[in-house]
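# Geometric and topological summary
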Amino acid sequence: MTKVFTRLLAALMIASIVMTTAASAQTLRVGLSNEPSNLDPAIQAGTAARAVRLLVYRGLFAYNGPNGDLVQELVERYEVADDNVTYTFHLKDATFHDGRPVTAADAKFTLERILDPATGATFRNLFQVIDAIEAVDERTLVIQLTTPTAPFLHYLALPESAVVSAAYVQDTGGNWNSAPIGAGPFRFVDYARGQHMRLEAFDGFYTEGVPASDTIVFEFYPDSSLRMNALRNGDVDIIEYVAWRDKPILERDPDVKILGGTGPFMGLIFNVTEGPFSHPLVRQAVAYAIDRQVVIDTAFSGQGLPIYGMIVPENSIAYDPTFDGYFSYDPQRARELLAEAGYPDGFSATLLATGQYDFHMNTAIAVQSELAKVGITLELDLPDWATRLEKNLAAQYEMLVVGTAGDIQDPDFLSDYFRGGAVGLNNAPGFDHPEMNELLALGRSTLDPAERAAIYRRVQEIALEQSPLVFLMWRDQSYAASVDVEGFEPMPGFLSFQSGIMLERAYVTR
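Residue positions are given per chain, counted from 1 along the sequence in the order it is written. Totals for whole chains, interfaces and linings use all residues, but because this is a predicted model, local features are given only for residues with pLDDT of at least 70 and pairs of side-chain atoms are given and counted only at 80 or more. Side-chain metrics in this entry use all non-hydrogen atoms of the structure; hydrogen atoms and water are not considered.

Think of it this way: any DSSP run of H or I at least four residues long counts as a helix, any run of E at least two long counts as a strand, and we number them from the N terminus. Relative to the helices and strands, threonine 110 resides in helix α3 (residues 104-115). Counting along the chain gives 59 residues from threonine 110 to valine 169, while the straight-line C-alpha distance between them is 10.0 Å. If sequence neighbours within four positions are ignored, threonine 110 has contacts with Ser161, Ala162, Val163 and Val164. Of note is the side chain of threonine 110, whose polar atom sits 2.9 Å from the backbone nitrogen of valine 164. Contacts are assigned to residue pairs that have any heavy atoms within 4.5 Å of one another. Polar contact is defined as a pair of N or O atoms within 3.5 Å, subject to the rule that within protein one atom must be able to donate a hydrogen and the other to accept it, and that residues adjacent in sequence are counted only when both atoms are side-chain atoms.

Okay, here's the thing in structure tokens:
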């Protein structure tokens, strides 16, 4: 009898331990608006991909915290020499998920990989300011720049600047999409294509108390209604990107809270290599022809603020209110410009967007309707998001709907849109303006804020005169979460697309 009782007591104790462990384990379920198309840390593949990668990888610096502060991640401390071109970084005692230490040689390899044209790194152009990289010892990295570069630390904070393991890449060739290795707070566990990605807390992460959850499961809901219902039904705890038509429904749900605000913008990018859009007057005509409120009402349920000028935030040293109303809604002026450019009867063109995100598609529909009024007939190309990205990077379009934000908290973000060179996600194919290029380089190398502000005012003048991009509106970029979720707060403004890093602090209280 005693043996039976002892065995029963032991069994109960084991069951109690299992139940306690299960109860204490924190699993956070996140509904993404898209299945990540690429987890290579050097490639910008959209917000959904960034949400995963910001947890798996870490760079030397990052934007982190509810205010989007520039913080040191893999860097313990650093010095900038009096020449303003020599940076010495001392690395933290950090570890990759496979147990290898993060070394200066890995950081050097990462930057060289970004600079290698074969990588196809999204921000390769930014890092061409680097002249030399030296791994002095295991934890000391020295970077020599060609010229003083005011936003250089901001470049290192980009998600696409995350440090990768040289040994991992050499061993696997970079198996990014099925078994990525990083130094972030979560390690990659499994990936069921079309269904989910699972990450588990990395117990070797260098920051105490991070991550707050033991497991994060990313589930894919490209359909916004299904994504909303998954949250309301308790299938997920947070959803990334709340569709505007769904926001009022969620605001009335007592079990849900809306998080986030305005930051990204919508616009149009022109392929200026040939055809009507190679003429600045035609591009200006488009800017005058579109009633921004129609776009806001059609694609965003009336939620948003029109942009008739530039996209520089008011808290930037480069902000100049005189540019806010550079254009206006003036169809007659648009027709006059078209006639002056040699298109009095208008013309036909294609507009690339995507059918996967309704706000992209509905923006395209609104633009199509508005431009038809001045004689520009648009055929819409609405592939899935992955195909849209491919066409974007291959410059396979005449005009493109873009929904994005500045990638760094420095006016040099304008380089991403207006500097000539290789085709990227956000610049106009074929646009290569010598004065613009010179000014952007000067703004980058100038350290005095007042001098930089004057330089970027001229940059904006040229940008509006040439209009390789036309901006339409500021839009809301909200997340939604169960009221039981704590610790997650999206970052503000331009950094809303990098809010995935804040999931390291999120947990469920129930």
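We are not done yet, so read on.
Along the chain, serine 478 turns up in strand β17 (residues 469-482). For each residue, the accessible area found with a 1.4 Å probe, counting protein chains only, is set against the maximum for its type, and the residue is called buried under 20%, exposed over 50%, and partly exposed in between. Taking relative accessible area as the criterion, serine 478 reaches 1% and is therefore assigned buried. Looking at serine 478, its side chain comes within polar contact range of the side chain of aspartate 476, at 2.4 Å. The contacts of serine 478, once residues within four sequence positions are left out, are Tyr241, Val242, Lys247, Ile258, Leu259, Gly260 and Gly261.

The next thing to look at is the confidence of the model for the protein chain. Per residue, pLDDT captures the predictor's confidence, and it can take any value from 0 to 100. Residues at a pLDDT of 70 or more form 95% of the protein chain, whose mean pLDDT is 92. Confidence drops under pLDDT 50 across residues 1-24; counting only partners more than four residues distant or on other chains, this segment forms one contact.

In this section: the nonpolar core. We define the nonpolar core as a collection of buried residues of types Ala, Val, Leu, Ile, Met, Phe, Trp, Tyr and Cys that are connected through side-chain atoms lying within 4.5 Å of one another. Residues Leu60, Phe89, Phe152, Phe218, Phe418 and Leu503 are the most contacted members of the largest nonpolar core, which totals 159 residues. Once residues lying within four places of it in the same chain are set aside, the contact partners of phenylalanine 218 are Val30, Leu32, Ala51, Val52, Leu55, Gln195, His196, Met197, Leu199 and Leu503.

With antiparallel pairing, four strands are arranged side by side in an open sheet as β4-β5-β7-β6. Across the chains shown, the open sheet's two edge strands, defined by having one partner strand only, are β4 (75-80) and β6 (130-137). Put simply, the sheet's adjacent strands are angled 20° from each other on average, direction ignored. Two strands qualify as a pair provided DSSP detects at least 2 bridges between them. In the sheet, β6 pairs with strand β7 (residues 140-145) via six bridges, with the strands oriented antiparallel. What sits directly across from aspartate 137, in β7, is threonine 140. Between the N-to-C directions of two axes lies an angle of 0 to 180 degrees, each axis being a line fitted to C-alpha atoms and, for a helix, fitted only over the stretch in contact.

In terms of burial, strand β10 (residues 215-220) is largely enclosed, as six of its six residues are buried. Residues Thr215, Val217 and Glu219 line one face of β10 and the alternating positions Ile216, Phe218 and Phe220 line the opposite face, and both faces are buried. Inspection of the sheet shows strand β9 (residues 196-201) paired to β10 by five bridges, in the antiparallel sense. Within the sheet, the bridge partner assigned to histidine 196 lies in β10 and is glutamate 219.

Further remarks concern empty space enclosed by the protein. Whether a set of points on the 1 Å grid over the protein atoms alone is a cavity depends on a 1.4 Å probe fitting there but being unable to get out, while an open set qualifies as a pocket with protein on both sides within 12 Å along at least five of seven lines; lining residues are those with an atom within 4 Å of a point. Grid points are joined across faces, edges and corners, and a volume is the space filled by probe spheres set on the points. Per the counting criterion, the structure on display carries six cavities of 30 Å³ or more. Approximately 340 Å³ is the volume found for the largest cavity. Lining the largest cavity we find 28 residues, and of these Gly46, Thr47, Trp385, Gly403 and Phe497 sit closest to its centre. When residues of the lining of the largest cavity are traced back to their parent elements, those giving at least two are α2 (47-56), α12 (358-372), α13 (385-393), β16 (399-404) and β17. Ranked by the residues each element gives to the lining of the largest cavity, the list is headed by α13, at four residues. Looking at the lining of the largest cavity residue by residue, the classes come out as 11 nonpolar, 12 polar and five charged. What the second largest cavity holds in volume is close to 110 Å³. The wall of the second largest cavity is formed by 14 residues, among which Leu54, Gly59, Ala62, Leu158 and Pro159 lie closest to the centre. Among the elements of the structure, α2 and β2 (61-64) are those that each provide at least two residues to the lining of the second largest cavity. With three residues, β2 is the largest single contributor of residues to the lining of the second largest cavity. Any residue that is not Ala, Val, Leu, Ile, Met, Phe, Trp, Tyr, Cys, Pro, Asp, Glu, Lys or Arg is counted as polar, Gly included; the first ten are nonpolar and the last four charged.

The omega torsion across valine 210 and proline 211 is 5°, close enough to zero to call that bond cis. Checked against the element boundaries, proline 211 lands in the loop between β9 and β10. Notably, asparagine 84 is not glycine yet its phi reads approximately 60°, a positive angle. Mapping asparagine 84 onto the fold places it in the loop between β4 and β5 (86-91). The phi dihedral of tyrosine 241 is positive, around 75°, even though this residue is not glycine. Tracing the backbone shows tyrosine 241 in the loop between β11 (238-240) and α8 (247-251).

The next point concerns the pairing of strand β14 (residues 347-352). Bridge count between β14 and strand β15 (residues 376-381): six bridges; the pairing is parallel. Residue pairing in the sheet places alanine 349 in a bridge with leucine 378 of β15. Traced from β14 through α12 to β15, the parallel crossover comes out right-handed. Of the pairings in the sheet, the one linking β14 to β16 comprises two bridges and is parallel in character. Across the sheet, the residue bridging to leucine 352 is leucine 400, located in β16. A clockwise course of the path from the first strand over the helix to the second, judged with the strands pointing away from the viewer, identifies a crossover as right-handed.

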